[in-house]
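Residue-level structural notes
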Amino acid sequence: VNLRALTSWVGITRLLAVVLSCVAFSLVASTGDFRNSYGTWCMFTWCFCFAVTLLVLVLELLELYPKLPLSWDDFTSAFSMLAALMVFTTSVVFPSTFISSPCGGSKCARQAVATTVSCLCFLAYALEVGLTRAKPGDISSFLSTVPGLLKVFEAYVACLIFSLLDIYNHKAGLQWCVAVYSICFIITLLIIIFTIGRCLSYIPCPLEKMLVGYNALALVMYITATVLWPLYSFENNPRPSNCGRGCKWDKDLGVTFLTIFNLIAYLVDLVYSTRMVFI
């Protein structure tokens, strides 16, 4: 038994994340606010993060993780980054969807506490990301470096973009943008999977330079998507006066901002990857 898995700073943050995520989904379960798609997503996030973090703690406590056929440091770094992003999204979606104004009664109090606990859970995962991030000169775990963490961010933002896509098949420019999102997502996801599965060594070319080349190509592709998506989506298309929740115009606006976020992420990724390889 490795008690340091629970007493180290990383172990303490994981314990906090387990407790906080458990409290969050328990409170929401008592209110019944998980029956539509947004509530289902929030419940899935808290339960998923709770289960995987608890599994990580048990495997490290019993020192069973070396028997797994994967890079443990890469897996835990990628998961903590993914969990931070998922819980952050949930901490925004849940109150904006289920807490109405004016708000009163025990149900509203439980919703407010669940939101607060979810925000604290995000801080716990963000702290874990900071504690496990590779220090300058340490390249033992790629997904714990800034480029590796950005790969997780880029894939997650692409998933959010896919969730907002609506009708786009009537314009070639929008079809190109969807192709950009899909191609970059698939390649980024493969990089993450191959890294965790220790398969990158089988690639018959210089991996570091290949990643720099891919980041440059993805950046150029996202530049085109950043220009074409709002151009084709909002051309002669003002916001409707009856645009409520789930409105296509608002979804297109969300895709625009998420495209910009990923453009910035790929730019920073390219800068850091170039420094790691050539400097």
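Residues numbered from 1 in each chain as written. Predicted model: local features only at pLDDT ≥ 70, side-chain atom pairs only at ≥ 80, totals over all residues. Heavy atoms only, no water.

As recorded in an unreviewed UniProt entry, the protein goes by MYADM protein and comes from Psophia crepitans. Taken verbatim from the UniProt record of the protein, the Sequence similarities (unreviewed entry) comment is "Belongs to the MAL family." Looking at the protein in UniProt, the text filed under Subcellular location (unreviewed entry) is "Membrane". (UniProt positions renumbered as here; feature names shortened; annotations may be inferred.)

Our focus in this paragraph is the domain arrangement of the protein. When the parts of a complex come together, some accessible area is lost, and that lost area is often taken as the interface size. Segmenting the protein into domains produces domain 1 (1-137) and domain 2 (140-278). Contacts between the two partners involve 20 residues from domain 1, matched on the other side by 14 residues from domain 2. Remark: the boundary between domain 1 and domain 2 carries 0 salt bridges. Listed by contribution, the elements that provide at least two residues to the side of domain 1 that touches domain 2 are helix H3 (37-61), helix H4 (72-98) and helix H5 (105-132). If you tally residues by element for the side of domain 1 that touches domain 2, the top one is H4, at 12 residues. Taken together, the residues that form the side of domain 1 that touches domain 2 break down as 11 nonpolar, 6 polar and 3 charged. (Domains from an automatic or database assignment. Contact = heavy atoms within 4.5 Å. Salt bridge = Lys/Arg side-chain N within 4 Å of Asp/Glu carboxyl O. Helix = DSSP H or I, 4+ residues; strand = E, 2+ residues; numbered from the N terminus. Nonpolar A, V, L, I, M, F, W, Y, C, P; charged D, E, K, R; others polar.)

Before going further, it helps to examine the UniProt feature "transmembrane region" (unreviewed entry) in the protein. Mapped onto this numbering, the UniProt entry annotates "transmembrane region" (unreviewed entry) at residues 6-29, 41-59, 79-100, 112-132, 152-169, 176-196, 211-232 and 253-272. For residues 41-59, helix accounts for 100% and strand for 0%, while the C-alpha atoms at its two ends are 27 Å apart. Overall, residues 112-132 shows 100% helix and 0% strand. The separation of its end C-alpha atoms is 31 Å.

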